[in-house]
Each structure stands twice: as C-alpha cells, then as structure tokens.
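# Breakdown of the fold
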Amino acid sequence: MAEQPKVERLLRVMKLMSGAANYTVEELANKVGTTYRTIYRYIDTFKEAGFVVERRYNNTYRLLRMPVGHADLKKLVYFSEEEAKIVAGLIEGLDANNAFKANLYEKMAIIYDMTKIDDYTDRKSIVTNIETLSDAIENHVQVKLVAYSSANSNNIRDRIVEPYAFTKDHIDVCAYDVEDGKNKIFKIARIGGLVEPLGDWEHEDEHEIKYVDVFRMVGSEQYPVKLELGLRAKSLLLEEFPAAKNDLKEVDGKFILDTMVTSMAGVGRFVIGLASDVKIIDTPLLVDYVKDYQKNIDLLVK
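Note that the structure is a prediction, hence the values are computed from the model and not measured. (Residues numbered from 1 in each chain as written. Predicted model: local features only at pLDDT ≥ 70, side-chain atom pairs only at ≥ 80, totals over all residues. Heavy atoms only, no water.)

### What about the nonpolar core?
To keep things clear, this is the line we draw: Take the buried residues of types Ala, Val, Leu, Ile, Met, Phe, Trp, Tyr and Cys, join any two whose side-chain atoms come within 4.5 Å, and each joined set is a nonpolar core. We call a residue buried when its accessible area falls under 20% of the maximum for its residue type, exposed when it is over 50%, and partly exposed in between, using a 1.4 Å probe and counting protein chains only. A run of H or I in DSSP becomes a helix once it reaches four residues, and a run of E becomes a strand once it reaches two; helices and strands are each numbered from the N terminus. Should any heavy atoms of two residues lie within 4.5 Å, those residues are considered in contact.
Core analysis: the biggest nonpolar cluster contains 20 residues, and Phe215, Leu227, Leu229, Leu237, Val267 and Phe270 have the highest contact counts within it. For this core, the secondary structure elements donating two or more residues are strand E10 (223-229), helix H7 (231-240), strand E12 (254-261) and helix H8 (264-273). At four residues, H8 tops the list of elements feeding residues into this core. Residues within four places of phenylalanine 215 in sequence aside, it is in contact with Leu237, Phe241, Leu257, Val261, Gly266, Val267 and Phe270.

### Side note on the pattern of salt bridges
A side chain of one charge can pair with a side chain of the opposite charge if their charged atoms are brought near each other. Stated formally: Counted as salt bridges are all cases of a side-chain nitrogen of Lys or Arg within 4 Å of a carboxyl oxygen of Asp or Glu.
If you walk through the whole model with that rule in mind, you get six salt bridges. As a salt-bridge pair, aspartate 177 and arginine 159 come within 3.5 Å of each other at their nearest N and O atoms. In this pair, aspartate 177 is assigned in strand E5 (residues 172-177) and arginine 159 in strand E4 (residues 155-166), connecting sequence segments 18 residues apart. Take aspartate 177 and arginine 159: they sit in the same class, and that class is buried. One salt bridge connects aspartate 180 with lysine 184, and the closest N-O pair in it is separated by 2.4 Å.

### Observations concerning unusual backbone geometry
A negative phi holds for most residues other than glycine; trans holds for most peptide bonds. Phi is positive for histidine 140, close to 60 degrees, though the residue is something other than glycine. Looking at where histidine 140 falls in the secondary structure, it is placed in the loop between helix H6 (124-139) and strand E3 (141-150). With a relative accessible area of 33%, histidine 140 lands in the partly exposed category. The residue arginine 216 is not glycine, and still its phi comes out positive at about 65 degrees. Among the secondary structure elements, arginine 216 is positioned in the loop between strand E8 (211-212) and strand E9 (218-219).

### Concerning H8
One full turn of an α-helix is made of 3.6 residues, so residues set three or four places apart face in the same direction. Heads up, the rule is: The definition of a polar contact used here is a pair of N or O atoms within 3.5 Å, where within protein one atom must be able to donate a hydrogen and the other to accept one, and adjacent residues in sequence count solely through side-chain atom pairs.
Of all ten residues making up H8, seven are buried, and the element is well covered by its neighbours. For H8, every residue scored as buried is listed here: Met264, Ala265, Gly266, Val267, Gly268, Phe270 and Val271. A side-chain oxygen of the first residue of H8 lies 3.3 Å from the backbone nitrogen of alanine 265; this N-cap is serine 263.

Now the structure itself:
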C-alpha cells in the first residue's frame, strides 16, 4: 500500500499537465504535495512511457497526446468496423458548434484510425476554451474572452465576464458582462483567442440563468409548447432548427414537437409561416400570440 500515494500523485500530475492550464514545475509540486525534483522524475516517466512532453515558457511542461502505438487501447472500448461507422455518423450529426464534436472525433481517431479528424483540428481551441470556462465556473473566476466577435454590436474586442453556466451542448456560455453590467449569452465559437482566467467573481448576486430554446430565442423563463406537424413542417423544422430533433417524436404517424421555449416569438413565427401544416396542441399562450399577430396583420392591410 505504500506505493498507492505515489501512483495517485503521478496520475494527478498527468491530469494537470494535460488540462487547459499551464503549470510550472514548482506549481505542480505544490499542487500534489511533493518536491520539484520528484516532478522532474515523473516527467521522465511520462517520456519513457511514450507520451510527448512539451516544454513551454517559464519552465512549464505539458502532455500533448496519448502514447502512440498502444494497440491495447482498442480493448478498452471495442467497436466492429460497422459499429465504428455508426458512431462516427452520430458524431457527425451533432450541431456544428458543439464543442465536444472535435474531442469525440479525436478520441475515435486515436483508437480506430478515423481519417475525418483533420476536418476538426481547427476546433481544438474551442475545446480548450470549454475546459477553461468550466474551471472558471467551478472556481468562481472571472475570465477574458479574447477577441470576441459580437453579432449585435458588429465589433471584435475582449470581454471581461463572469461565466456561471453553459447552455445545451456547450454551444454558448451564460456570463455576467462586467463592463456592461448585464447577464448575456456568449457563443463559444465566436471567441477569437484562448480564454484567459482572471480574478475572483465580484457580481455573483447578479447572475441569472439564461436559456436558449430550439428556435434560438434567449430568455430567463421557459414555457411549454406542443405542436403537431405535417411532413413538410417537420422537414423544414429540422433543416432550420436542428436542435429541435431531440424534442420531436413520431406518434401514430404524426410528428409531435413537445419542447420548452423562452418566448412565443420564435415558435410563433415558425407556426405562422407554416399555418396549413401545423396544429397547436394545449398551448394557450401560443394561440394568443398567433391571434394578436393576425390582428396586427388585419390592421396593416386595411
């Protein structure tokens, strides 16, 4: 049992060296409670085991990839060729902005020699930013979103924010904008550089959970909506709003969308545009929205 603490420290160092942050040898030693000489021995152990160890600035070291040539990895999770293709298809079906898509492809590529990973290597920065934002949320830390491209203000600049939650599939992050004093939704794919951790939260009492519904509307409250769709409406829904797929079911030959929305505006526009192929079920708020819309149209054409 005397060797167990050493193994635990070794694994902790491995995790730290392969995570989003960079640590010096001294910092690694302090975090795992050992000497810097022991950390150097661990680094030599990683190299001998086949890991690529990169030395960076200020005496920091990182593990870059899993060791090459370990065929036994295939025994950890085995898929036949047909099964591997099915899994690859499921990954391909994820939203293009899903930050985990690149990670899943990379792990499959390591074990099964999948070739499509090259299409997603440019998304590794997004995965790194997800990890940094996750740490910031857990540790209540402010961050700088480097070169964030805003569609609303039509500019690119750094944003100092307090991230506190992710939206579905980690496409967006809910954060308090320190400069503007507002809670906002930031798209992770629009961050131009690597997210930089800063100091502790200062505005926790003002944090407010935001939701993004399948029609891409943002709000702090959610309302149930149920629709019966014809084949045309169902096809157009999935083409324009692919996130709706998980809330869409076929029941007795009919397509039923049973979801939550943050407002009636997004779903209302969809329903009105396809009125002949959509039926509203048990959703009085949406019925009222459509009626009010029709009244405005009648006034417009008089």
